[in-house]
Amino acid sequence: MSTTRQILGDPVTTHMRTDPTRIPAGSSVAQALDYIRDHEIGGRVVYFYVVDGEGKLVGVVPTRRLLRGRPDAPVADIMIAPVAAVPHTATVLEACEFFTLHKLLAFPVVGAEGQLLGLVDVDLYTDELADLEKRQESDDLFQLVGVYLTETEQRQTVLAARKRFPWLLCNVIGGMIAAVIADAYEDVATLALVTPFIALVTGMAEGVAMQSVSLALQTLHGRRPTWATLARKVGREVLVGLLLGAFCGLIVGVVAYFWKGSARAGLSLCIGIAGGVAASAAVGIALPFLLRMARRNPQVASGPIALAAADLVTLLLYFNLGRWLLGQGA
């Protein structure tokens with residue numbers, strides 16, 4: 001493991017394999033199999049890469065598809081494109097992110113013009129994979145690779161800050177927008193029946209948003225996100241959020257009624273909390289899925305975005321309810 005950490009700053013091209021199996025783009029399945037038989041296959045992790053006449057990467061053929069394909073079928077019909085590829089300018093550490101995000105055992109390395117230069121496989125990151133074929137849980141493998149990435153980023157202060165700062169800007173921007181909203185709703189935000197509860201309403205929405213983010217990250221561990229899973233999770237989380245918000249809103253609304261002597265203030269709080277919590281739950285569960293689909297790290301980005309979104313949605317709902325229910329009596 002110490003040897004692995006020493007090379008994380010090296011260019012990936014210095015450690016890539018240069019013997020990937022190349023299949024001509026115009027081949028049929030039968031011709032591709034003949035080509036593979038006539039050429040030596042190196043390494044333990046095998047992928048078949050399809051290249052055009054100029055050597056540019058155009059697709060990848062999974063072994064199962066190649067073996068089950070009709071002999072006369074064009075390779076172009078069974079290959080996967082586009083291909084997630086590591087640029088030749090990447091470092092070993094940057095290439096590590098591809099393994100943790102895409103969960104494949106190898107990635108092609110391409111040049112500036114898209115030509116296939118070689119491949120980098122998971123063997124690069126650990127010497128503990130000699131018995132890879134005996135492993136039953138491939139997720140343990142990717143978790144191990146992720147440990148290298150996380151530990152190295154934490155040790156490099158500037159790198160850790162650079163990774164996290166752009167997402168923290170979401171809080172800065174969200175806070176500025178929240179200030180603009182509060183200014184636009186000054187007639188409501190300064191009401192004695194509204195002001196004391198602003199922090200409570202936003203705080204509850206933020207708490208539920210972070211709970212939903214945590215649940216989403218657990219769901220995504222070792223799995224690939226799909227739109228069907230996302231829709232199912234969001235639908236369920238909205239219902240859970242409505243129940244949580246309704247219970248908490250009812251409690252706060254009753255307290256507000258006896259404290260401030262205003263049924264309208266209690267109703268505004270009850271509806272505002274229920275709506276804000278439900279919306280925040282939906283945002284919190286959806287963000288990690290969407291970020292993973294966009295090939296971004298949801299562990300770093302989800303929290304700041306979810307908090308900013310929860311504040312904005314909740315304030316808009318709460319202030320509009322306040323203007324509607326309390327404005328006439330102010």
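Residues numbered from 1 in each chain as written. Predicted model: local features only at pLDDT ≥ 70, side-chain atom pairs only at ≥ 80, totals over all residues. Heavy atoms only, no water.

(A) The sheet that holds strand β1 (residues 21-24), seen in detail. The strand order β1-β2-β3 describes an open sheet built from three strands, whose pairing is mixed. Looking at the sheet topology across the chains shown, the edges are occupied by β1 and β3 (57-61). Looking at each pair of strands side by side, their axes are set apart by 35 degrees on average, direction ignored. Packed onto the sheet, helix α2 (residues 29-38) meets β1 and β2 (48-51) and runs at close to 145 degrees relative to β1. (Pairing = 2+ DSSP bridges. Helix = DSSP H or I, 4+ residues; strand = E, 2+ residues; numbered from the N terminus. Axes fitted to C-alpha atoms, helices over the stretch in contact; angles between N-to-C directions. Contact = heavy atoms within 4.5 Å.)

(B) Up close: the environment of R296. Looking at where R296 falls in the secondary structure, it is placed in the loop between α11 (263-293) and α12 (298-326). Residue classification places R296 among the partly exposed positions, given a relative accessible area of 44%. Note: C-alpha distance between R296 and L101 (195 residues apart in sequence) is 7.7 Å. (Buried < 20%, exposed > 50% of the residue type's maximum accessible area, 1.4 Å probe, protein only.)

(C) Inspection of the packing of α11 against α12 at higher detail. Where α11 contacts α12, the axes come no closer than 8 Å and their chain directions differ by 155 degrees. One way to sum up the angle between α11 and α12 is to call them roughly antiparallel. Crossing angle aside, the handedness with which α11 passes α12 is right-handed. Grouping the constituent residues of the contact of α11 with α12 by class yields 21 nonpolar, nine polar and two charged. (Parallel < 35°, antiparallel > 145°, perpendicular 65-115°, else oblique. Left-handed = near helix turned anticlockwise from the far one by under 90°. Nonpolar A, V, L, I, M, F, W, Y, C, P; charged D, E, K, R; others polar.)

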